2 protein chains.
Amino acid sequence: MTYSPNIDIAARVYNHSWKIDPVVRSLIDTDFYKLLMCQFILLKHPKTEVKFKLINRSYQVPLAQLIDRKELEDQLDHIRTLRLSKGESTWLRGNMFYGTRSMFSPDFIDWFENLRLPPYQLEVKGDQFELSFVGYWPEVMLWEIPALAVLTELRSRAVLRQLGRFDLQVLYARGMTRIWEKISQLNQLEAINIADFGTRRRHSYLWQEWCVQALLAGLGNKFLGTSNCLIAKRLEVEAIGTNAHELPMVYCALAENNDTLAQAPYKVLEDWQQVYGGNLKVILADTYGTQQLLSNAPSWLHDWKGIRIDSGVPEEMGEIAIQWWKQNNQNLEDKLLIFSDGLDVDKIILLYNQFSKRVKVSFGWGTLLTNDFRGFLDDDELAPISLVCKAISAEGKPTVKISDNPLKASGPPELIDHYKSIFGVKNQKVQEVIV
Amino acid sequence: MTYSPNIDIAARVYNHSWKIDPVVRSLIDTDFYKLLMCQFILLKHPKTEVKFKLINRSYQVPLAQLIDRKELEDQLDHIRTLRLSKGESTWLRGNMFYGTRSMFSPDFIDWFENLRLPPYQLEVKGDQFELSFVGYWPEVMLWEIPALAVLTELRSRAVLRQLGRFDLQVLYARGMTRIWEKISQLNQLEAINIADFGTRRRHSYLWQEWCVQALLAGLGNKFLGTSNCLIAKRLEVEAIGTNAHELPMVYCALAENNDTLAQAPYKVLEDWQQVYGGNLKVILADTYGTQQLLSNAPSWLHDWKGIRIDSGVPEEMGEIAIQWWKQNNQNLEDKLLIFSDGLDVDKIILLYNQFSKRVKVSFGWGTLLTNDFRGFLDDDELAPISLVCKAISAEGKPTVKISDNPLKASGPPELIDHYKSIFGVKNQKVQEVIV
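Residues numbered from 1 in each chain as written. Chains lettered and ligands numbered in written order. Predicted model: local features only at pLDDT ≥ 70, side-chain atom pairs only at ≥ 80, totals over all residues. Heavy atoms only, no water.

### Topic: the overall build of chain A
Logical step 1: Secondary structure summary: chain A contains 18 helices and 11 strands in total.
Logical step 2: Radius of gyration (C-alpha) of chain A: 22 Å, near the 22 Å computed for a compact globule of 435 residues.
Logical step 3: Of the contacts made within chain A by residues no fewer than 6 positions apart, 78% connect residues no fewer than 24 positions apart.
Logical step 4: With an accessible surface of roughly 18,300 Å², chain A has 48% of that area assigned to carbon and sulfur atoms.
Logical step 5: With 49 positive and 53 negative side-chain charges, chain A shows a separation of 2 Å between the mean positions of the two kinds. (Helix = DSSP H or I, 4+ residues; strand = E, 2+ residues; numbered from the N terminus. Rg over C-alpha atoms; globule rule 2.2 N^0.38 Å. Contact = heavy atoms within 4.5 Å. Areas by Shrake-Rupley, 256 points an atom, 1.4 Å probe, with all protein chains shown as cover. Lys, Arg positive; Asp, Glu negative; His and termini not counted. Charge placed at Lys NZ, Arg CZ, Asp CG, Glu CD.)

Following this line, the structure appears as structure tokens:
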């Protein structure tokens, strides 16, 4: 085809002169809970040394073959040049988060304005990259989301490079149609509450932003907001999130004996409520087994707002949470269950029907919102992969995660056994890890 | 949402200064068969006076309420300013059509270069427009396609004006996904041959062009080309088409007695083969009943290339054609059936399976290719409508069409009866007219 409609020559020439097309263009292109945790860590453990490492659980996808090493380095180097912009700083200082002004202290924002992400270590081992980050916890932990987003989007780009312009147009039309149909299905549910949790494994930045616009247009008030701070700022929607496994994992790794180890998950929550209150008092209970954490919980945890279910069989985990609140005379109507593990529409509808009449329920919809191009290409080359970036050690001591699904456990095997005995974790059901 | 990505100010200001956004921007934005017929008429009946009139068979759609009269006039006036461009003239002179160079004579192209479409008459009657064209047949007949395209696209625009930018994006994504799925289904058929016949009732020009690109990308060699000359030129694909009902309708209206009336449909074909040969020798047999036309046909019609089925029950009409060829000792493998009446994927597959092992088969896919947004909006506001623009009289005498479906008959009722008796048309099956 030789026909070319009016070409904007200036734009074309500008595009020619790009050194790279950056995947991550802002330090707040990250999940909101990372900033909450970062401020928390700066207050409680500013000088703790940690190591984060990227792990591709979809080992059959040979990332180091698909992605050029130089291209990856350019992207990671670009992220190290990023600084908090004036407008971003103003947003963090002035915006209301979870109904609260000044969620971030002037000290934290001053620190953030001077932040430059620490160096990375990159090696190729077989078909995979070994990418890790070492340094002070509050700095290193900010690598997690951009590192995941860069790998995932570079993989998308590598696959998409094979397609012509028309095929690309059809691909995105089908992607949009699929998302829109999912949203229409969810909109049938009268009192659904959904947030975008899809930053880390998104198909691309632009696609995530489109998906958030689709949620906004399709769900109205049923759409709670996005975990992505940059998108929240740009689209003027709520930034959503609380805390993650890295807190109990590092606290436990730092424990000096079995008693402090057993108490470490509660110590995290105790510290957390010194820093944050209200709606941010959400228990992520599965790090070393939900049942065990709740059974042995101190009474001051009973009146926390909610529990986030991030592994295990969610239908069962939700019941365990409700049972625990009931036993402790809590008013269920005030309580919130947040589901966030590998959700897609069918699962969301099932959980909504099971729980929404008894407790408040919300859903953090991640990878299958922002990266569902399954079935569109031969060999399903765009199917999302299970990539994670975790704290693997603190002060040189390895971290351990058990979770409510043995396939999501991490850490040295002998330490996993030790943790299981300390926390009393017994039989667990295996749940396939999709993303 | 306040965020605006880089705006091209020059493009925006240029767009502001448009008087209108023309629906039809070229005199060759029309069906190829109109040009073949135009050249034919210029040779055979250059000074015949005819009247063409637009008829909205979907009377429940109040076009005159939806479309502003001034907007319609602006579009029609714009079409009258169009002239054949140098590049278009060159294409008509130099391009190969149906394997033939110089399909259009220098005389015809000289005439076309000087053509300016004749005036139109526009009135509003109730909820509908009365739009008609009077003048010499070769000039007036060229109004048919642009008039239909203008009304149809202005109706699309009126509906789409209610939608926001995001809703529009989703709408087109769903439209593209639907077309792509249809094409993928058709591509399962090993030896399918499909052409775009969707100019007259297209959703919009840009959408038709997209649909043709989709056929090209999805079907490769199974895609024959498009009836639209402008798109054929721009995308460098084949221009497709032969002739239409207006030829026998006008020839019959001009007949001076019952004998010449009965012979008029054959006279059309006799004249046609004086002007065109080979693959353009396609019989459009249904104007006054397919069975009757073929039964009484002179023997020189037996070796014509094909028959186009444009009304009636196509499964039966195809069998009638095959039967006729067989009776006249024709080699079926050389014969072509062209189906073009209200086709969509299911019907195409059915007809393909019924006929493709016995004769050559091709499909002229029209409205449900280029205007299928059914079900996407409330009240199905974008469902295609059955709009036609027909020769209603010649030299002051009314035309009649009977076709193989009584719902597609046109003309004064007493004349229809007279024609039925002349041509021996008896019982006919009613077929719902979708588009």
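### Concerning the pairing of strand 10 (residues 387-394) of chain B
Residues and elements named next belong to chain B.
Logical step 1: Counting buried residues in strand 10 gives seven out of eight residues, a clear majority hidden from the surface.
Logical step 2: The pairing of strand 1 (residues 49-56) with strand 10 spans seven bridges and is classified as antiparallel. From the neighbouring strand, Ile55 faces strand 10, where its bridge partner is Val388.
Logical step 3: Pairing geometry for strand 10 and strand 11 (residues 397-398), over two bridges, is antiparallel. Within the sheet, the bridge partner assigned to Ala394 lies in strand 11 and is Lys397.
Logical step 4: Count of turn residues in the strand 10/strand 11 antiparallel hairpin: two residues, of which Glu395 carries a positive phi of about 50°. (Buried < 20%, exposed > 50% of the residue type's maximum accessible area, 1.4 Å probe, protein only. Pairing = 2+ DSSP bridges.)

### Observations regarding the relation of the copies chain A and chain B
Each copy of the chain is related to the other by a rotation around an axis and a translation along that axis.
Logical step 1: Expressed as a screw operation, the relation of chain A to chain B combines 0.0 Å of axial shift with a rotation of 180°, fitting to an RMSD of 0.0 Å. Taken together, these values place the two copies in the relation of a two-fold axis. Residue Ala173 of chain A, judged by its C-alpha, is the member of chain A lying nearest the rotation axis, at 2.1 Å.
Logical step 2: Looking at chain A, 100% of its interface residues are interface residues in chain B too, so the copies touch through the same face. (Least-squares fit on C-alpha atoms with pLDDT ≥ 70 in both.)

### Regarding a nonpolar patch on the surface
Logical step 1: Nonpolar side chains collect at one region of the surface, where Ile7, Ile9 and Val13 of chain A lie side by side and expose about 290 Å² of accessible area between them.
Logical step 2: Overall, the relative accessible area of 48% leaves Val13 of chain A in the partly exposed class. (Patch = residues over 30% accessible without salt bridge, like charges linked within 9 Å, V, L, I, M, F, W, Y side chains within 5 Å. Salt bridge = Lys/Arg side-chain N within 4 Å of Asp/Glu carboxyl O.)

### Considerations on the packing of helix 12 (residues 246-253) of chain B against helix 13 (residues 258-275) of chain B
Residues and elements named next belong to chain B.
Logical step 1: Running from amino to carboxyl end, helix 12 crosses helix 13 at an angle of 130°, the nearest separation of the two axes being 8 Å. It follows from the interaxial angle that helix 12 and helix 13 lie oblique. Between helix 12 and helix 13 lies a crossing whose hand is right-handed. Facing Leu247, Pro248, Tyr251 and Cys252 of helix 12, the residues of helix 13 in contact are Leu261, Ala264, Pro265, Lys267, Val268, Asp271 and Trp272. (Axes fitted to C-alpha atoms, helices over the stretch in contact; angles between N-to-C directions. Parallel < 35°, antiparallel > 145°, perpendicular 65-115°, else oblique. Left-handed = near helix turned anticlockwise from the far one by under 90°.)

### Focus on the packing of aromatic side chains
Residue and element names in this part refer to chain A.
Logical step 1: Tallied over the entire structure, the rule returns 54 aromatic pairs over all chains.
Logical step 2: Aromatic side chains Phe339 and Phe363 sit 5.8 Å apart centroid to centroid with 20° between the ring planes, which places their arrangement in the stacked category. Within this pair, whereas Phe339 is found in strand 8 (residues 336-339), its partner Phe363 is found in strand 9 (residues 360-365), the two being separated by 24 residues in sequence.
Logical step 3: Residue Phe339 is classed as buried on the basis of its relative accessible area, which comes to 1%.
Logical step 4: Here a set of aromatic residues connected by ring pairs shows up, and it is made of Phe32, Trp91, Phe97, Tyr98, Phe104, Phe108, Trp111 and Phe112.
Logical step 5: The ring of Trp18 has Arg25 lying over it, and the distance from NZ or CZ to the ring centre is 5.5 Å. (Phe/Tyr/Trp six-rings, centres within 6.5 Å; stacked < 30°, edge-to-face > 60°. Lys NZ or Arg CZ within 6 Å of the ring centre and 35° of its normal.)

### Quick word on the sheet that holds strand 2 (residues 121-125) of chain B
Within a beta sheet, neighbouring strands are joined by backbone hydrogen bonds and run either parallel or antiparallel to one another.
Residues and elements named next belong to chain B.
Logical step 1: One open sheet accounts for five strands, arranged 2-3-1-10-11; its pairing is antiparallel. Taken across any chain shown, the strands that pair with only one partner, and hence form the sheet edges, are strand 2 and strand 11.
Logical step 2: Its contacts with the sheet place helix 8 (residues 144-160) against strand 1, strand 3 (128-136) and strand 10, and it is angled at close to 145° to strand 10.

### A closer look at the state of the cysteines
Logical step 1: Under the criterion given, the structure shown has zero disulfides over all chains.
Logical step 2: The thiol of Cys211 of chain A is not disulfide-bonded; the next cysteine sulfur, from Cys229 of chain A, is found 18 Å away.
Logical step 3: The class of Cys211 of chain A is buried, set by a relative accessible area of 0%.
Logical step 4: The cysteine Cys389 of chain B is free of any disulfide, with Cys38 of chain B supplying the nearest cysteine sulfur at 14 Å. (Disulfide = S-S within 2.5 Å.)

### Examining the sheet that holds strand 4 (residues 194-196) of chain A
Residues and elements named next belong to chain A.
Logical step 1: Spatially, 5-4-9-8-7-6 is the arrangement adopted by the six strands of the open sheet, whose pairing is parallel. Two strands in the sheet have a free side with no partner beyond their single neighbour: strand 5 (223-226) and strand 6 (282-284). Taken over all neighbouring pairs, the strand axes of this sheet differ in orientation by 20° on average, direction set aside.
Logical step 2: Direction of pairing for strand 8 relative to strand 9: parallel, over a ladder of four bridges. Within the sheet, the bridge partner assigned to Phe339 lies in strand 9 and is Phe363.
Logical step 3: Helix 16 (residues 345-355) rests against strand 4, strand 8 and strand 9 of the sheet, and its axis sits at about 170° to strand 9.

### Quick word on the packing of helix 9 (residues 165-187) of chain A against helix 16 of chain A
Packed helices, taken two at a time, are described by the angle their axes make and the gap between the axes.
All names here are of chain A.
Logical step 1: One way to put it is that helix 9 packs onto helix 16 with a least axis distance of 10 Å and a crossing angle of 10°. By the angle between their axes, helix 9 is roughly parallel relative to helix 16. Seen from helix 9, the contacting residues are Lys182, Gln185 and Leu186; seen from helix 16, they are Val345, Asp346, Ile348 and Ile349.

### Here's the deal with the interface of chain A and chain B
Logical step 1: Taken together, the contact between chain A and chain B spans 19 residues of the former and 19 residues of the latter.
Logical step 2: Interface area, chain A with chain B, both sides summed: about 2,100 Å², of which 67% is carbon and sulfur.
Logical step 3: Applying the counting criterion to the chain A and chain B interface returns zero salt bridges.
Logical step 4: For the interface between chain A and chain B, the tally reads seven residue pairs in polar contact (both at pLDDT 80 or more).
Logical step 5: Of all the secondary structure elements, the ones that give two or more residues to the side of chain A that touches chain B are helix 9, helix 10 (205-219) and helix 11 (229-235) of chain A.
Logical step 6: The element best represented in the side of chain A that touches chain B is helix 9 of chain A, accounting for eight residues.
Logical step 7: Broken down by class, the residue content of the side of chain A that touches chain B amounts to 11 nonpolar, four polar and four charged. (Buried area = accessible area lost by both parts, 1.4 Å probe. Polar contact = N/O pair within 3.5 Å; in protein donor to acceptor, adjacent residues only side chain to side chain. Nonpolar A, V, L, I, M, F, W, Y, C, P; charged D, E, K, R; others polar.)

### Quick look at the environment of Ile320 of chain B
Residue and element names in this part refer to chain B.
Logical step 1: Looking at where Ile320 falls in the secondary structure, it is placed in helix 15 (residues 314-327).
Logical step 2: For Ile320, a relative accessible area of 18% corresponds to the buried category.
Logical step 3: Taking C-alpha positions, Ile320 is 43 Å from Leu66, a pair spaced 254 residues apart along the chain.

### Topic: the pattern of salt bridges
Where charged atoms of side chains with opposite charge meet at close range, the side chains can pair.
Logical step 1: A complete count under the given rule lists 53 salt bridges over all chains for this structure.
Logical step 2: For Asp110 of chain A, the salt bridge goes to Arg93 of chain A, with nearest N and O atoms at 3.2 Å. Of this pair, Asp110 of chain A sits in helix 6 (residues 106-113) while Arg93 of chain A sits in helix 5 (residues 86-94), placing them 17 residues apart in sequence.
Logical step 3: The class for Asp110 of chain A is partly exposed, based on a relative accessible area of 37%.
Logical step 4: The residue Lys53 of chain B makes a salt bridge to Glu130 of chain B at a minimum N-O spacing of 3.6 Å. Here the residue Lys53 of chain B occupies a position in strand 1, and Glu130 of chain B occupies one in strand 3, the gap between them amounting to 77 residues.
Logical step 5: We classify Lys53 of chain B as partly exposed; its relative accessible area is 22%.
Logical step 6: Salt bridges sharing common partners tie together Asp31, Lys34, Glu144, Arg200 and Glu246 of chain A.

### Digging into the confidence of the model for chain A
Logical step 1: Looking at chain A as a whole, its pLDDT mean stands at 95, while 99% of the residues score no less than 70.
Logical step 2: Predicted as a complex, the structure gets a pTM of 0.90 and an ipTM equal to 0.85. (pLDDT = per-residue confidence, 0-100.)

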